[in-house]
Amino acid sequence: MLPLPLLPGGNVDFYYFGIENDNAVYNQGAGHELRHSIGTRIWGKQAGWDYNVELVYQFGTFGDADISAWTAASEAGYTFANAPLRPRFFLKADIASGDQDPNNPNLNTFNALFPKGAYFSETGLIGPANIIDVHPGIELQLTKRLSFVR
């Protein structure tokens, strides 16, 4: 984590993940996958506003073909700190690339690598790929340790 002087209260991370899978399966078929992910996350808080933006680009090979995939995820909100229940209104927006043509050997599907499971375990069987998602929300602080998010 590094402070980001360009944005008051801002921080930035840079990262790399690599994965190799001998038995990867996509619409194009099955094969050896060597995928590299480079990404950044920019987040911070300032004067009631908060933001969190993550960008990832993936490249590598799938069988004899190339991989070129990406994702962007964001959440921005504003908290009314002096109002009852400290309401926070926010907007989330996510997009992840998908493959347009299963007959083209090049792979453009984003691989979330290790997506977090939702309810019963941390096992992620599916993750975001070929998706666009935008939704607003509200968070209410019921007590110091209990909040409601919708």
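Summary of the structure given here. Worth saying up front: this structure is predicted, and the values here are computed from it rather than measured.

### Notes on the pattern of salt bridges
- Across all of its chains, the model carries five salt bridges by this definition.
- Across the pair Arg88 and Glu75 runs a salt bridge, and its minimum N-O distance is 2.8 Å. Residue Arg88 is located in strand β6 (residues 88–96), and its partner Glu75 is located in strand β5 (residues 65–79); the two are separated by 13 residues in the primary sequence.
- Residue classification places Arg88 among the buried residues on the basis of a relative accessible area of 11%.
- A salt bridge links Arg88 to Glu139; the shortest N-O distance between them is 3.6 Å. Here the residue Arg88 occupies a position in strand β6, and Glu139 occupies one in strand β7 (residues 131–141), the gap between them amounting to 51 residues.
- Each member of the salt-bridge network shares a partner with another, and the members are Asp50, Glu75, Arg88, Lys92 and Glu139.

### A closer look at the packing of aromatic side chains
- Inspection of every chain in the model, using the stated rule, returns six aromatic pairs.
- Here Tyr15 and Phe17 contribute two aromatic rings whose centre-to-centre distance is 5.3 Å and whose plane-to-plane angle is 55°, an arrangement assigned as tilted.
- Here the aromatic residues Trp49, Tyr78, Phe80 and Phe89 are joined through ring pairs into a cluster of three or more.
- Arg41 extends its terminal NZ or CZ atom over the ring of Trp43, reaching a point 3.9 Å from the ring centre.

### A word on a nonpolar patch on the surface
- A contiguous nonpolar surface patch, about 480 Å² in accessible area, is contributed by Tyr16, Ile38, Tyr57, Phe59 and Trp70.
- Looking at the element boundaries, Phe59 is found in strand β4 (residues 49–62).
- Residue classification places Phe59 among the partly exposed positions, given a relative accessible area of 32%.

### Digging into the layout of surface pockets
- The volume enclosed by the largest pocket comes to roughly 830 Å³.
- What lines the largest pocket is a set of 30 residues, and nearest its centre among them are Glu54, Ala73, Asp94, Ala112 and Pro128.
- Breaking the lining of the largest pocket down by element, the ones donating at least two residues are β2 (10–26), β3 (29–46), β4, β5, β6 and β7.
- For the lining of the largest pocket, the residue count by class is 15 nonpolar, eight polar and seven charged.

### What to know about unusual backbone geometry
- Residue Ala47 is not a glycine yet carries a positive backbone phi of 50°.
- Summarising the element assignment, Ala47 is placed in the loop between β3 and β4.

### Quick notes on the pairing of β4
- Two strands pair when backbone bridges link them, and β3 and β4 are joined in this way by 14 bridges, in the antiparallel orientation. Bridging from a neighbouring strand, Gly39 pairs with Val56 of β4.
- Sheet analysis places β4 next to β5, joined by 14 bridges and oriented antiparallel. Its bridge partner lying in β5, Thr61 is registered against Asp66.
- Where β4 hands over to β5, the hairpin turn is made up of two residues, of which Gly63 adopts a positive phi near 60°.

About the criteria used
Residues numbered from 1 in each chain as written. Predicted model: local features only at pLDDT ≥ 70, side-chain atom pairs only at ≥ 80, totals over all residues. Heavy atoms only, no water. Salt bridge = Lys/Arg side-chain N within 4 Å of Asp/Glu carboxyl O. Helix = DSSP H or I, 4+ residues; strand = E, 2+ residues; numbered from the N terminus. Buried < 20%, exposed > 50% of the residue type's maximum accessible area, 1.4 Å probe, protein only. Phe/Tyr/Trp six-rings, centres within 6.5 Å; stacked < 30°, edge-to-face > 60°. Lys NZ or Arg CZ within 6 Å of the ring centre and 35° of its normal. Patch = residues over 30% accessible without salt bridge, like charges linked within 9 Å, V, L, I, M, F, W, Y side chains within 5 Å. Areas by Shrake-Rupley, 256 points an atom, 1.4 Å probe, with all protein chains shown as cover. 1 Å grid on protein atoms, 1.4 Å probe; cavity = no way out; pocket = protein on both sides within 12 Å on 5 of 7 lines; lining within 4 Å. Points joined across faces, edges and corners; volume = space filled by probe spheres on them. Nonpolar A, V, L, I, M, F, W, Y, C, P; charged D, E, K, R; others polar. Pairing = 2+ DSSP bridges.

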